[in-house]
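Here is what each chain is made of, one letter per residue.
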Amino acid sequence: MTDSVKPTGWKASDSPVKRAFARSRLVQVAAGVMALLVLATVFAPLLALHNPFEPANLDLMDAFTPPWSQGMGEMFYPLGADDQGRDVYSAILYGLRMSVIVGVAAVALSLIIGVPLGLIAGYAGGWFDTMLMRIADVQLTFPVILVALLIFGIARGMLPEGYRDDMAVYVIIIAIGLSDWVQYARTVRGAVMVEKQKDYVLAAQLIGRSRTAILARHILPNLLAPILVIATISFAQAIVAESTLSYLGVGLPPTAPSLGTLIRIGQGFLFSGEWWILMFPGLVLLALALSVNLVGDWLRDALNPKLQ
């Protein structure tokens, strides 16, 4: 009887996720910051004052111009200029764009590899499951950044020297994607082992559904929530991993810089007084990684039925 009584203002269209989002001011701010930064990557050519990596747009006379200052010419630098006279504000927009592209592509690659392997291992079991988990255990013993460095170095060594800079973006995406598929495979495998014992899977088997159809049409839709949570958190980790590789000088080339590349450039001028070259790209990277992590943590709690 009491179940039929709904709170005042309750709507059938309301969901636990929407209600959890409406209750958390911190998550709302984090989601707003994340959306703002993602939109900045989409409209970077329109928001930037100029393309800072086009040599014709640079003026060495404006090098090291402080923030909120006018250059020697007509150019205004809201966040200052670096050692090449590049507008730091415009460089951040283009660097943020590259970091987000690498992060999204690396997560997509990890999903494409890890989810199918986890589905097959969890449903079929046997020697394939044992072999996959042993490979995953071995890979988990190494830090992700070390695995990415190893894959990046091997891939770079296999490419002709003239193509290394042109292929650097694809190489770093592959390196990060191959170093991060394990968590998808292990999570999906564990969930499949639980789901395949449930009545709806047994019923699908009784009516003659193929294994592929059962996995794709019945089990996989029920695993989208944990996969989404992992993908959100992995997105932030991929951006940090790419920035770390670029900071170490083994990531993206100067012609296609990311936030990590800009931080590496700025680090060389930190102690000479040009603090803005390092500080502003670092703050943007911190804001992006923190906001994505906060949204991911919230999704993990909001999509957990035990916490509803």
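Keep in mind the model is a prediction, meaning the values are calculated, not measured. (Residues numbered from 1 in each chain as written. Predicted model: local features only at pLDDT ≥ 70, side-chain atom pairs only at ≥ 80, totals over all residues. Heavy atoms only, no water.)

A. Representation of the overall build of the chain in the model. Tallying secondary structure elements over the chain gives 13 helices and two strands in all. When the backbone C-alpha atoms are referred to their principal axes, the chain occupies close to 75 × 60 × 30 Å. When the 308 residues of the chain are sorted by exposure, 43% land in the buried category. A fraction of 69% describes how many contacts in the chain between residues 6 or more apart in sequence connect residues 24 or more apart. (Helix = DSSP H or I, 4+ residues; strand = E, 2+ residues; numbered from the N terminus. Buried < 20%, exposed > 50% of the residue type's maximum accessible area, 1.4 Å probe, protein only. Contact = heavy atoms within 4.5 Å.)

B. Molecular detail of the UniProt feature "transmembrane region" (unreviewed entry) in the chain. This chain's UniProt record puts "transmembrane region" (unreviewed entry) on residues 26-48, 100-123, 135-155, 167-184, 219-240 and 275-296. Across residues 26-48 one finds 91% helix and 0% strand; the C-alpha atoms that close the span lie 29 Å apart. The straight-line gap between the two end C-alpha atoms of residues 219-240 is 32 Å; of that span, 82% is helix and 0% is strand. (UniProt positions renumbered as here; feature names shortened; annotations may be inferred.)

C. The pattern of salt bridges, seen in detail. All told, the structure shown has seven salt bridges when counted by the stated rule. Notably, a salt bridge pairs Arg-186 with Asp-137, separated by 2.8 Å at the nearest N-O pair. Separated by 49 residues along the polypeptide, Arg-186 in helix α8 (residues 182-195) and Asp-137 in helix α5 (residues 126-140) bring together distant segments of the chain. Ionic contacts of the salt-bridge type, sharing partners, join the residues Arg-134, Asp-137 and Arg-186 into one network. (Salt bridge = Lys/Arg side-chain N within 4 Å of Asp/Glu carboxyl O.)

D. Structural view of the UniProt feature "domain: ABC transmembrane type-1" (unreviewed entry) in the chain. UniProt tags residues 96-296 as "domain: ABC transmembrane type-1" (unreviewed entry). Within residues 96-296, the helical portion is 77% and the strand portion 0%, while the C-alpha atoms at the span's ends are 20 Å from each other.

E. Inspection of the nonpolar core at higher detail. Ranked by internal contacts, the top residues of the largest apolar core, which has 61 residues, are Ile-92, Leu-96, Val-102, Leu-119, Ile-172, Ile-176 and Ile-219. Counting residues per element, this core draws most heavily on helix α4 (residues 88-124), which supplies 14 residues. In terms of nonpolar packing, the next biggest core, distinct from the first, is built from 10 residues, Ala-20, Val-27, Ile-233 and Ala-302 among them. (Core = buried A, V, L, I, M, F, W, Y, C linked by side-chain atoms within 4.5 Å.)

F. Quick peek at the environment of Val-250. Relative to the helices and strands, Val-250 resides in the loop between α11 (224-247) and α12 (259-267). Note: C-alpha distance between Val-250 and Ala-213 (37 residues apart in sequence) is 43 Å. Those residues in contact with Val-250 that lie beyond four places of it in its chain are Leu-149, Phe-152 and Leu-245.

G. The arrangement of the packing of helix α6 (residues 144-158) against helix α7 (residues 168-178) in detail. Remark: α6 packs on α7, axes separated minimally by 8 Å, with the N-to-C direction vectors making an angle of 140°. In this structure, α6 meets α7 at a crossing whose hand is right-handed. From α6, Ala-148, Ile-151, Phe-152, Ala-155 and Arg-156 reach across to α7, where they touch Ala-168, Val-171, Ile-172, Ala-175 and Leu-178. (Axes fitted to C-alpha atoms, helices over the stretch in contact; angles between N-to-C directions. Left-handed = near helix turned anticlockwise from the far one by under 90°.)

H. Region of interest: the environment of Gly-122. Looking at the element boundaries, Gly-122 is found in helix α4. Under the relative-accessibility criterion, Gly-122 is labelled buried at 2%. Look past the residues within four positions of Gly-122 in its chain and what remains in contact with it is Arg-189, Val-192, Met-193 and Lys-196.

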